[in-house]
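# Notes for the structure review
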Amino acid sequence: MSKPKIATDWMAGCAGCHMSLLDIDERILQVLDLVELRASPITDLKEADETGVAVGVLEGGINNSANEHQAKLMRSRCKILVALGDCAVFGGVPAMRNFFTIEETLKRAYVDTESTVDGFIPTDPELAVPTKVRAVSEVVPVDIHVPGCPPSADVIFHVLSELAQGRIPEIKDDNLHWH
Amino acid sequence: MVKVKIDEKELEVPEGTTVLNAARLADIEIPTLCDHPALEPYGGCRICLVEVEGARTLQPACTLPVFDKMVIKTQTDKVKEARKFVLSMIFSERNHFCPYCQVSGTDCELQNAAYAEGMTHWPIQPNWQPYPVDASHPYFVLEHNRCILCRRCVRACAELVGNYTLGMEERGSNTILIADLGVPLGSSSCISCGVCVQICPTGALIDRWSAYRGQTKDVTTTKSICVGCSLGCGIEVIHRDNNLIKINGDWDAPINGGVLCDVGRFLPMDEKRSRIVTPLVRKNGALKASTWDEALRVVMDKLNPLVGKKDDGVASIISTRLPAEALFYFKQIFKEKINSDMVTSTEEGRYTAVLSEIAADKGSFESKLSEISNADAVLTIGLDLTKDHQVAGFFVKRIIPKGVNVIPVSYEASGMDGFTPYSTVINRSTDLEFLQALDAEIDGKDVSSLASKAGVSVDQLAQIAEILRKAESSVFVYDAEFDSKKKKETIATLIKLAEKINAKLISPKGKANSLAAEQLRLNKSFELNGHQAVFVALGDEEPSQNLLKKLDNSPFLVVMASYESALTAKADVVLPVANWLEYSGNYVTSDGQVQKANKSLQAPADVKTSEEVLLEIADRLRMVINPLWNKAIKMETSVIEID
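Sequence order sets the numbering: in each chain, residues are counted from 1 along the sequence as written. A letter from A marks each chain and a number from 1 marks each ligand, given out in the order of writing. At least 70 in pLDDT is required for a residue's local features to be given in this predicted model, at least 80 for side-chain atom pairs to be given and counted, and no such filter applies to totals for whole chains, interfaces and linings, which use all residues.

Think of it this way: any DSSP run of H or I at least four residues long counts as a helix, any run of E at least two long counts as a strand, and we number them from the N terminus. Of the regular secondary structure elements, chain B holds 19 helices and 27 strands. Against the globule reference of 26 Å for 643 residues, chain B gives a C-alpha radius of gyration of 28 Å, in line with a compact fold. Projected onto its principal axes, the C-alpha positions of chain B cover 85 × 70 × 45 Å. Taking all 643 residues of chain B together, 51% fall into the buried category. The contact criterion used is a C-beta to C-beta distance within 7 Å, with each C-beta placed from the backbone. When contacts within chain B are restricted to residue pairs at least 6 apart in sequence, long-range pairs at least 24 apart make up 68% of them. We take the radius of gyration over the C-alpha atoms and set the globule estimate at 2.2 Å times the residue count to the 0.38 power. Using C-beta atoms placed from the backbone, we call a residue buried if 20 or more other C-beta atoms fall within 10 Å of its own, exposed if 12 or fewer do, and partly exposed for counts in between.

Put into structure tokens, the structure is as follows:
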């Protein structure tokens, strides 16, 4: 039997959850014994296989049209979708901007910033369209929520090793932290 | 007793017990948020819902009293679903994103409740309506976005402190915590006691000093007592790496039951004085850093020739903030060994000396502070419990809603005026005339001339007399600092009046060890007279203007002190000593309870405790110190029985 495939992707987050994934250190070899890591921000392949993967992992919330596309693509190609980290689970730190309008936040970022001279809000049609920051579950159904900012390496290892062995991980007690 | 069955556990509990408390007796945990042991049950948050056999719907455990043969289930699917639903609704109401919240980690009761239910996420996102942040208060911040509307703060402000500053405005999702009629906290009637901050289950009320400086898991907690005044409130000193992080009221403390005033909770955090970290000796007119050995040698060279000189030797003063041990050693050194006629305390017996005189004749006559909560009428005279000994003021204020009539008598408007219709302003220094008038009024005699002297109307006197006459367990809270010429007579009149209407007498006295100093008779009015040197054991007390004036012309001045002050600037030798957090020692409360303050912080390297310094001086005087302070404070009759 071939090894189950895992793909990961990164949306509106800080990459900290993927850093935390790398923090499982040499245990990543144990994980790789059991699964095949396909597309991810840390491998060359950037999109989950068209033929599908067993597990899709998403870090970050969904804050524009491009993220929305990423999330829908991952959902359509994976059997089990994991929302990894507080941004994917709740919206997280980026969701702080939801208390303001998009116009206000863009103006703050591109015009009002103290270090900006002659700033303007970019309007290139190729750019993704910003939206309110949403948790992944607001856009596509999520099977497993792994909160944490970031989830610790131990929690990530627990989740991956359970999935690799065909079990749905339970996240509770010491593994449950929203930070 | 009634029989109940909770999750298959059968037990008997007293009638009237709530389901929540019955479950606690059975060691069954029911989650709560709005409930707090120090407050009346409220039933606001609905997280404690349980299934009761025969009941149509789930019932809140915190407010529901048990009935006989009640069958309660706390762990059914229905209950668990309801809990999660309630939590989801709370989380989605405002900004409850944990990563950037001060209490996230171990200190948030909302987060802990979600963890206990194994919630990995919440199903409904908030509606992103921003709420204001009120940062107008000097000691804490009110972050409405973190508020879960449990009203613990509102109830604590009312039930525990009796101040009624906090309340709620609007309805539904617009409900918002307000101070007074919607003014910023900083300009409200808030008295900064901080009980609301201590009782808040989330990060909605954040104390400025302790915020982000460590949570329960990072810090050490030392139970101790507050030395801000003589009530002896129990506190928890929270510290980390020898830094003071926060002071909380000790919920288990018998005296205060968790509440504190701003003097106990926030003042020590706001310490701005400079610390003295090394002995100082005056050389060529200026204070220079020195060693303990040199400094003590200079002190002993001065003291040794003065041993035995009664009125031209050493005058000495000790702070009543210092522990009983230090007070007793001090007395032995300066009174018994050196034989000086001027050995006293910084309080100079102001609040206590006359009480001892009366007690010597008629025995102990005061009652415990806790009697206030049993009172059906309270008269306060000679003090303002909203300024000093504030926690006693909380005790008085919080019984007013129970229908207790409170009569504060003072020379000017006081913080009590808004809470009782019986505030009475009398002419300055006419406490005696007022009490005589009241006494006469109770006897049904003519009071017009006395009343006009005191500046009160006869009608007002009649009203007060009526209240006191009707009361079955009235309490007089007084301060012995009446007009000095009439002091003894005033107190005698007060006692006579109390006896007549069977009232209990309570006086909160002065600083932390006021009564211990009095029992050691360190209670003289200080006069320099012909003394050639002055020794002041100041500890961490700030010297009063009065003391500074009296010490203006000291020929030679030794000061033991923790902080730089106008007094240390004048000293010839300064001996650096530990502050109140840096030693353990015993204190006698104003109502005679002996309590131990526990050391929580380590003093700087070259700083000794006052006790150590006094023992060192005793040693150099070749005298043996009697350590039995607890016997010594009971040698004389006390105004109140000492435990």
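Bear in mind that the domain bounds are from an automatic or database domain assignment. Looking at chain B, the domain boundaries give domain 1 (2-91), domain 2 (125-270), domain 3 (280-351 + 513-632) and domain 4 (367-506). For domain 1 of chain B and domain 3 of chain B, the distance between their C-alpha centroids amounts to 57 Å.

It is worth spelling out the pairing of strand β27 (residues 594-597) of chain B at this point. Residues and elements named next belong to chain B. A pair of strands is considered paired only if DSSP assigns at least 2 bridges between the two. Summarising the sheet, strand β26 (residues 585-588) and β27 pair through four bridges and their orientation is antiparallel. Among the inter-strand pairings, asparagine 586 is bridged to a residue of β27, identified as lysine 596. Counting the residues in the hairpin turn of β26 and β27 gives five residues, including glycine 592, whose phi is positive at 85°.

Inside soluble globular proteins, nonpolar side chains tend to come together where they are buried. By size, the foremost hydrophobic cluster in this structure holds 244 residues, and its most contacted members are Leu58 of chain A together with Cys153, Cys196, Leu327, Val378, Phe476 and Val536 of chain B. The greatest single-element share of this core, amounting to eight residues, is contributed by helix α8 (residues 324-337) of chain B. Excluding its chain neighbours within four sequence positions, the residues that come into contact with valine 378 of chain B are Ile372, Val396, Val404, Val406, Ile407, Ser474, Val475 and Val477 of chain B. We call a set of buried Ala, Val, Leu, Ile, Met, Phe, Trp, Tyr and Cys residues a nonpolar core when their C-beta atoms link them within 7 Å.

Okay, the sheet that holds strand β22 (residues 504-506) of chain B next. All names here are of chain B. Strand order in this open sheet of five strands is β20-β19-β18-β21-β22, and the pairing throughout is parallel. Two strands in the sheet have a free side with no partner beyond their single neighbour: β20 (424-425) and β22. One ladder, built from three bridges, connects strand β21 (residues 474-478) with β22; its direction is parallel. Bridging across to β22, phenylalanine 476 finds its partner in leucine 505.

All names here are of chain B. A sheet is described by the order of its strands in space; here seven strands give the open sequence β15-β14-β25-β24-β23-β16-β17, paired in mixed fashion. Every other strand in the sheet has two partners, leaving β15 (286-289) and β17 (343-345) as the edge strands with one partner each. Ignoring strand direction, the axes of neighbouring strands in this sheet form an average angle of 20°. The sheet contact formed by strand β23 (residues 533-539) and strand β24 (residues 557-561) spans five bridges and is parallel. From the neighbouring strand, alanine 537 faces β24, where its bridge partner is methionine 560. Angles run from 0 to 180 degrees between N-to-C directions of axes, and those axes are lines fitted to C-alpha atoms, restricted for helices to the stretch in contact.

Before going further, it helps to examine the packing of helix α2 (residues 27-34) of chain A against helix α6 (residues 153-164) of chain A. All names here are of chain A. The contact between α2 and α6 brings their axes to 9 Å, and the two run at 20°. Regarding the angle of α2 to α6, the classification is roughly parallel. Helix-helix and strand crossings are classified by hand; for α2 and α6 the assignment is left-handed. Mapping the contact onto sequence places Arg27, Val31 and Leu34 in α2 and Phe157, Leu160, Ser161 and Ala164 in α6. In this classification, Asp, Glu, Lys and Arg are treated as charged, Ala, Val, Leu, Ile, Met, Phe, Trp, Tyr, Cys and Pro as nonpolar, and every other residue, Gly included, as polar. A per-class count over the contact of α2 with α6 returns five nonpolar, one polar and one charged. Between 65 and 115 degrees an angle is taken as roughly perpendicular, under 35 as roughly parallel, over 145 as roughly antiparallel, and anywhere else as oblique. Put simply, a crossing is left-handed when the front helix is turned counterclockwise from the back one by less than a right angle, and right-handed when it is turned clockwise.

Another point: α6 of chain A. Residues and elements named next belong to chain A. Here the expected span of a helix is defined as 1.5 Å times the quantity of residues minus one. Across its twelve residues, α6 extends 16 Å between first and last C-alpha, which sits within 8% of the 16 Å expected from 1.5 Å per residue. For α6, the complete set of buried residues consists of Val155, Ile156, Phe157, Val159, Leu160 and Leu163. Taken together, the buried residues of α6 touch α1 (16-22), α2, β3 (53-59), β5 (78-84) and β7 (144-146). Residue glycine 166 follows α6 closely and has a positive phi angle near 80°.

Our focus in this paragraph is the environment of valine 409 of chain B. Relative to the assigned elements, valine 409 of chain B resides in strand β19 (residues 405-410). Residues valine 409 of chain B and proline 130 of chain B, spaced 279 residues apart in sequence, show a C-alpha to C-alpha distance of 47 Å.

Further remarks concern the packing of helix α11 (residues 431-442) of chain B against helix α13 (residues 458-470) of chain B. Residues and elements named next belong to chain B. Viewed as axis vectors pointing N to C, α11 and α13 meet at an angle of 65°, and their least axial separation amounts to 9 Å. Considering the angle they form, α11 stands roughly perpendicular to α13. The element α11 and its partner α13 pack so that their crossing is right-handed. Where α11 approaches α13, its residues Ala437, Leu438, Glu441 and Ile442 are matched on the opposing element by Leu461, Ala462, Ile464, Ala465, Leu468 and Arg469.

All names here are of chain B. The end-to-end C-alpha separation of helix α2 (residues 77-91) is 21 Å, in line with the 21 Å expected for 15 residues at 1.5 Å each. Every buried residue belonging to α2 is among Arg83, Val86, Leu87, Ile90 and Phe91, and all of these are buried. Projection of α2 onto a plane perpendicular to its axis shows the buried side chains occupying an angular sector of 135°, all on one side. Every exposed residue of α2 that faces more than 90 degrees away from the buried side is listed here: Asp77 and Lys78. In this description, the arc belongs to the directions extending from the helix axis to the C-beta atoms.

Our focus in this paragraph is unusual backbone geometry. Of the consecutive residues cysteine 149 of chain A and proline 150 of chain A, the connecting peptide bond is found in the cis state with omega at -10°. Locating proline 150 of chain A in the fold gives a position in the loop between β7 and α6. Phi is positive for asparagine 242 of chain B, close to 65°, though the residue is something other than glycine. With respect to the secondary-structure elements, asparagine 242 of chain B resides in the loop between β12 (234-240) and β13 (243-249). With 13 C-beta atoms packed within 10 Å, asparagine 242 of chain B lands in the partly exposed category.

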